[in-house]
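# Inside the fold
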Amino acid sequence: MICDEVRNLHFYLGTHRPGWIATAPPGVSLFLSHRVLRKYKTLPTFYDWPVPTRRPRRRHVAIDSGAFTELSLFHQFVTSPEEYVAALARYDGVIELDWAAPQDWMVEPWMLAKTGLTVAEHQRRTVANFLRLTELWPEYSDADCPVVPVIQGWTVDDYLACVALYEEHGVRLAEDYELVGVGSVCRRQASAEIGDIFRTLAQLDIPLHGFGVKLAGIRRYGRYLVTADSMAWSYAGRRTPTQCGSTRHRSEANCQTFALDWRNRVEAVAAEAKREIGQPDQLDLFATPARAAQQRAPRPIKQVAAILSTRDDQLDLFAAA
């Protein structure tokens, strides 16, 4: 599913400030880490105003599992799938999650060096964790499971192999899920290969979410995304003296006003990227919904198999699985 003329990119503002669930303006979607939220016994609630009504409202919130931090620090997960699912069920009872990332295994070379495992093994564990979380969810909640699949890889062929691995386990990414994350991209957005990766996956009609997408990434491949998140504003804010007029902070690393201004810039860049869809040289990549329906294959695995068939060096990826 490609971001076309009908669909705008939906942006989740990353933040380490859970209180923004209650204080951010209506219409602002947030991306929060489980490692931050788990410390709160009582979660903030978004209310209607004025105060006398006090009716809880829906705040669009997505949850990051904190996988990168856990793997970086411990080289494995210290949070069990059961603990994570229980936490998600608690969050969903208060803030009504849009979706949540699984405990996926990133495949950056420095991460592989920490774990001592291969790309194929990280992919196998990512798929296995997604299946385990979805299996556990009914034990903790009657609501729909919010966990979405995440495709892991480093090269285009890696990502295609991960799509095929999901298919082998009965997970049809294009047909059955409204959103699918693409991992291991946020720290290499300057690479031209990233655009190729997202374009290739979008051609499989998979609705893509980009993790940690900065402005440069939105410009490069935002047209292929359905949703994205980032808290790059906070990293930039660490080096930015206060600009909002507040006398309570020295930098903008925690400033909601600064974050919202940055979000507005992201949405402007995303709108510009969307306008490029209509350019003549983009027509094949960004078909209208009717044209996309005509071109859609019954199963993405057929398209993946066709692409992989010309890349024999990928056959050994599943040997250890």
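Everything that follows concerns the structure shown earlier in this document.
The following refers to the structure shown. Here the structure is a predicted model, which means the values were calculated and not measured.

With that settled, consider the nonpolar core. Counting residues in each nonpolar core, the largest one holds 66 residues, and the members touching the most others are Leu13, Ile63, Leu88, Tyr91, Ile151, Phe198 and Leu201. Excluding residues within four positions of it along the chain, Leu201 makes contact with Ile151, Tyr159, Val163, Val182, Ile206 and Leu208. Within the second largest apolar cluster, 10 residues are counted, among which are Tyr12, Phe31, Val148 and Leu179.

Now for the packing of helix 4 (residues 81–95) against helix 6 (residues 119–136). Describing two packed helices takes the angle between their axes plus the distance from one axis to the other. At a closest axis distance of 10 Å, the pairing of helix 4 and helix 6 adopts a crossing angle of 55°. Taken together, the axis directions place helix 4 and helix 6 in an arrangement best described as oblique. Read as a crossing pair, helix 4 and helix 6 show a hand that is right-handed. In this structure, helix 4 contributes Pro81, Glu82, Tyr84 and Val85 to the contact, and helix 6 contributes Asn129, Arg132, Leu133 and Leu136. The residue makeup of the contact of helix 4 with helix 6, split by class, is 5 nonpolar, 1 polar and 2 charged.

The next point concerns helix 9 (residues 192–202). Think of an α-helix as turning once every 3.6 residues; residues three or four places apart then point the same way. Ile194, Gly195, Ile197, Phe198, Thr200, Leu201 and Ala202 are the residues of helix 9 that are buried. Contacts from the buried residues of helix 9 go to strand 5 (150–151), helix 7 (156–168), strand 6 (180–182), strand 7 (208–210) and helix 10 (215–221).

Taking strand neighbours across the sheet as the criterion, the 8 strands line up as 4-3-2-1-8-7-6-5 in an open arrangement whose pairing is parallel. Sheet topology places strand 4 (99–100) and strand 5 at the edges, where each strand pairs with a single neighbour. Contacting strand 3 (61–64) and strand 4, helix 4 crosses the sheet at an angle of about 165° to strand 3.

Burial runs high along strand 1 (residues 10–14): 4 of the 5 residues are buried. Pairing of strand 1 with strand 8 (residues 227–230), which is carried by 4 bridges, proceeds in the parallel orientation. Bridge pairing in strand 8 places His10 opposite Thr227. In this sheet, strand 2 (residues 29–33) lies alongside strand 1 in parallel orientation, the contact comprising 3 bridges. Paired with Tyr12 across the bridge in strand 2 is Ser29.

Our next topic: the layout of surface pockets. Of the voids in this model, the largest pocket is the one considered here, and its volume is about 830 Å³. Lining the largest pocket are 30 residues, and of these Asp64, Phe68, Arg187, Met231 and Tyr235 sit closest to its centre. For the lining of the largest pocket, the elements supplying multiple residues, two or more each, are strand 2, helix 2 (34–37), helix 3 (67–74), strand 8 and helix 11 (232–237). Looking at which element gives the most residues to the lining of the largest pocket, the answer is strand 2, with 3 residues.

The next thing to look at is the pattern of salt bridges. A pair can form between side chains of opposite charge whenever their charged atoms are brought close. Counted according to the given criterion, the structure contains 9 salt bridges. Glu82 is the salt-bridge partner of Arg132, the closest N and O atoms lying 3.0 Å from each other. In this pair, Arg132 sits in helix 6 while Glu82 sits in helix 4, placing the two residues 50 residues apart along the sequence. A relative accessible area of 30% means that Glu82 is categorised as partly exposed. In this structure, Glu121 engages Arg124 in a salt bridge whose closest nitrogen and oxygen atoms are separated by 2.7 Å.

Our next topic: the pairing of strand 3. As paired elements, strand 2 and strand 3 share 4 bridges and run parallel to each other. The residue bridging Ser33 from the neighbouring strand is Asp64, located in strand 3.

Calculation rules
- Residues numbered from 1 in each chain as written.
- Predicted model: local features only at pLDDT ≥ 70, side-chain atom pairs only at ≥ 80, totals over all residues.
- Heavy atoms only, no water.
- Core = buried A, V, L, I, M, F, W, Y, C linked by side-chain atoms within 4.5 Å.
- Buried < 20%, exposed > 50% of the residue type's maximum accessible area, 1.4 Å probe, protein only.
- Contact = heavy atoms within 4.5 Å.
- Axes fitted to C-alpha atoms, helices over the stretch in contact; angles between N-to-C directions.
- Helix = DSSP H or I, 4+ residues; strand = E, 2+ residues; numbered from the N terminus.
- Parallel < 35°, antiparallel > 145°, perpendicular 65-115°, else oblique.
- Left-handed = near helix turned anticlockwise from the far one by under 90°.
- Nonpolar A, V, L, I, M, F, W, Y, C, P; charged D, E, K, R; others polar.
- Pairing = 2+ DSSP bridges.
- 1 Å grid on protein atoms, 1.4 Å probe; cavity = no way out; pocket = protein on both sides within 12 Å on 5 of 7 lines; lining within 4 Å.
- Points joined across faces, edges and corners; volume = space filled by probe spheres on them.
- Salt bridge = Lys/Arg side-chain N within 4 Å of Asp/Glu carboxyl O.

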